[in-house]
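What follows is each chain in one-letter form.
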Amino acid sequence: MSRVVHFEIPADDPERSIKFYEEVFGWTIEKWDGPIEYWLIMTGPEDQPGIDGGLARRTDPEMGVENTIDVPSVDEAVTKVEAHGGQVIRPKIAVPGVGWMAYIKDTEGNIFGMMESDPDAK
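Cut-off values and rules
- Residues numbered from 1 in each chain as written.
- Predicted model: local features only at pLDDT ≥ 70, side-chain atom pairs only at ≥ 80, totals over all residues.
- Heavy atoms only, no water.
- Pairing = 2+ DSSP bridges.
- Helix = DSSP H or I, 4+ residues; strand = E, 2+ residues; numbered from the N terminus.
- Axes fitted to C-alpha atoms, helices over the stretch in contact; angles between N-to-C directions.
- Expected span 1.5 Å × (residues − 1).
- Buried < 20%, exposed > 50% of the residue type's maximum accessible area, 1.4 Å probe, protein only.
- Arc of directions from axis to C-beta.
- Salt bridge = Lys/Arg side-chain N within 4 Å of Asp/Glu carboxyl O.
- Patch = residues over 30% accessible without salt bridge, like charges linked within 9 Å, V, L, I, M, F, W, Y side chains within 5 Å.
- Areas by Shrake-Rupley, 256 points an atom, 1.4 Å probe, with all protein chains shown as cover.
- Phe/Tyr/Trp six-rings, centres within 6.5 Å; stacked < 30°, edge-to-face > 60°.
- Core = buried A, V, L, I, M, F, W, Y, C linked by side-chain atoms within 4.5 Å.
- Contact = heavy atoms within 4.5 Å.

Trainee: What should I look at first to understand the sheet that holds strand β2 (residues 28-31) in this one?
Mentor: Each strand in a sheet pairs with its neighbour through backbone hydrogen bonds, running either in the same direction (parallel) or in the opposite one (antiparallel). In spatial order, the strands read β2-β3-β4-β1-β5-β8-β7-β6; together these 8 strands make up an open sheet with mixed pairing. The two strands at the open ends of the sheet, each matched to only one other strand, are β2 and β6 (87-95). Strand-to-strand, the axes of this sheet are offset by a mean angle of 25 degrees, without reference to chain direction. Where strand β3 (residues 38-42) and strand β4 (residues 53-57) come together, 4 bridges link them in antiparallel fashion.

Next up, the structure:
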């Protein structure tokens with residue numbers, strides 16, 4: 001069974017958004033040391049229920065908070081999505097050192113990500 005493992009918050013002004021979430025919820029937010037402008041959000045201790053997330057500069061005015069679902073194979077999951085009426089809106093890409101990611105629109109117009117873990121992804 002695949003689970004939601006990550007959320008992503010789009011922001012027009014990342015610094016303003018970071019300050020908001022740190023001050024309101026006490027989250028720890030740190031710049032990711034990767035090839036894109038991205039911040040990692042830690043929402044609490046790893047031994048407590050919950051998921052962590054990320055924050056990225058908004059690139060599309062219609063972007064909303066997106067959940068990411070862990071899948072064993074992005075390619076297989078994409079095939080299932082399309083077979084059941086969903087649509088790929090951002091094809092599979094490598095997230096270097098993390099895995100493979102694709103963004104999907106479900107039958108109701110909701111957007112979510114699917115992530116296949118692979119530390120060798122480039």
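Trainee: Before we go on, may I ask you to explain helix α1 (residues 14-25) in this structure?
Mentor: In an α-helix, one full turn covers 3.6 residues, which means residues spaced three or four apart are oriented alike. Relative to the 16 Å expected for 12 residues at 1.5 Å per residue, α1 spans 16 Å between its end C-alpha atoms, a close match to the ideal helical length. Looking at α1, one finds that the buried residues are P14, S17, I18 and Y21. Here the buried residues of α1 occupy an arc of 100 degrees about the axis, which is enough to place them on one side. Away from its buried face, by an angle of more than 90 degrees, α1 presents the exposed residues R16 and E23.

Trainee: I tried to follow the pattern of salt bridges on my own but got confused; where do I start?
Mentor: Any two side chains of opposite charge can pair, on the condition that their charged atoms come close. Applying the stated criterion across every chain yields a total of 4 salt bridges. As a salt-bridge pair, E37 and R57 come within 2.9 Å of each other at their nearest N and O atoms. With E37 in the loop between β2 and β3 and R57 in strand β4, the pair connects residues that are 20 residues apart, well separated along the chain. Residue R57 is classed as partly exposed on the basis of its relative accessible area, which comes to 34%.

Trainee: Help me understand a nonpolar patch on the surface, please; the structure alone is not making it clear to me.
Mentor: Taken together, the side chains of F20, V24 and F25 make up a nonpolar region of the molecular surface, amounting to roughly 310 Å² of accessible area. Structurally, the position occupied by F20 is in helix α1.

Trainee: When you look at the packing of aromatic side chains in this model, what are you seeing that I'm missing?
Mentor: For any pair of aromatic rings, the description rests on two quantities: the centre-to-centre distance and the angle between the ring planes. The final tally for this structure, using the stated rule, is 6 aromatic pairs. Ring centres of F20 and Y21 lie 4.9 Å apart, and the angle between their planes is 90 degrees; this geometry places the pair in the edge-to-face category. When its relative accessible area of 17% is taken as the criterion, Y21 is described as buried. Residues W32 and Y38 carry aromatic rings whose centres are separated by 6.2 Å and whose planes lie at 80 degrees to one another, so their mutual orientation is edge-to-face. For the residue pair W32 and Y38, the accessibility class agrees, reading buried in each case. Put simply, the rings of F7, F20, Y21, F25 and W27 touch in pairs and so form one group of aromatic residues.

Trainee: How should the nonpolar core be read in this particular structure?
Mentor: Soluble globular proteins tend to pack their nonpolar side chains together in the buried interior. If you look at the biggest cluster of nonpolar residues, it comprises 10 residues: F7, I9, A11, I18, Y21, W27, I29, W39, I41 and L55. Elements with a minimum of two residues in this core: β1 (4-11), α1 and β3. The element that contributes the greatest number of residues to this core is β1, accounting for 3 residues. Once residues lying within four places of it in the same chain are set aside, the contact partners of I29 are I18, Y21, E22, W39, L40 and I41. With 9 residues, the next largest nonpolar core counts V81, A102, F112 and M114 among its residues.

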